[in-house]
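# Chain and residue survey
Below, each chain spelled out in residue letters.
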Amino acid sequence: MGAPKFFKGVFSINKIVSIIFIVLVIALSGFFLMDSNTSTYSNSALPPSLGEDSVTEKKLVIYTDAGYSPAALRIKKGETVIFKNQSSRSMWTASAIHPSHRSYPTTGGCLGSTFDACKGVQPDDSWLFTFDVSGSWKYHNHLNPGDAGTIEVK
Ligand SMILES: [Cu+2]
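Scope of this entry: the structure provided in the associated data block.

Cut-offs used in this document
Residues numbered from 1 in each chain as written. Predicted model: local features only at pLDDT ≥ 70, side-chain atom pairs only at ≥ 80, totals over all residues. Heavy atoms only, no water. Helix = DSSP H or I, 4+ residues; strand = E, 2+ residues; numbered from the N terminus. Buried < 20%, exposed > 50% of the residue type's maximum accessible area, 1.4 Å probe, protein only. Donors = N, O, S within 2.8 Å, 3.2 Å for Na, K, Ca; no water. Polar contact = N/O pair within 3.5 Å; in protein donor to acceptor, adjacent residues only side chain to side chain. Contact = heavy atoms within 4.5 Å.

## Some words on unusual backbone geometry
In this model, A96 is joined to I97 through a cis peptide bond whose omega is 5°. Take I97: it is sitting in the loop between β5 (93-95) and β6 (126-130). The linkage connecting H98 with the following residue, P99, adopts the cis geometry, with an omega of 5°. The topology assignment puts P99 in the loop between β5 and β6. The phi dihedral of C118 falls on the positive side, at around 65°, and the residue is not glycine. Mapping C118 onto the fold places it in the loop between β5 and β6. Here C118 falls in the partly exposed class, since its relative accessible area comes to 32%. Positive phi, normally seen in glycine, also occurs at D124, with a value near 80°. Topologically, D124 is positioned in the loop between β5 and β6. With a relative accessible area of 60%, D124 lands in the exposed category.

Below is the structure:
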């Protein structure tokens, strides 16, 4: 007689309903916690991968047989531009004005300024330059001066 009474006490309808309710609440809160964790993860994971890499700090100019592309590139002060040679000839990127290369106002380099690759960069190779001076800087391929472009540094 003691066992049925105990059974009835533990598994009354009210208790079953409240147990189901508690299980549902735990399951639902678990689902929402997972969901918010997932969105927090993706929110914190995306911006650094966008920010640290090529998008804000390094810009790309591609040199082909048709010339530099984009011909005009706008960057922020302190950013580095990658000049990638995808043409069939050598690419000697240097500041205007050919042949003195003195437009970019930093002394040094091999002719008139530090904005000067000082050599022909072979096809499939790249040359990088960091622009620390604001202004509109024209440049050209010293080995084929008709190919020119502009870097606008803000
Ligand atoms: Cu030149």
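## What to know about the coordination of the copper ion
Of the protein atoms, only H98 (ND1), H101 (NE2), H140 (NE2) and H142 (ND1) coordinate the copper ion, at distances of 2.1 Å. Sequence positions of the donors to the copper ion reduce to the motif H-x2-H-x38-H-x1-H. Pair check on accessibility: H140 and H142 agree, each one buried.

## Regarding the environment of S126
By the element assignment, S126 lies in strand β6. Given the relative accessible area of 35%, S126 is considered partly exposed. For the pair S126 and I82, spaced 44 residues apart in sequence, the C-alpha separation works out to 6.5 Å.

## Here we look at the side chain of N85
Counting through the fold element by element, N85 comes out in strand β4 (residues 80-85). For N85, the side chain forms a polar contact with the main-chain oxygen of V121, separated by 2.8 Å. When sequence neighbours within four positions are dropped, the list of residues in contact with N85 reads Y63, S90, M91, V121, Q122, P123, D124 and D125.

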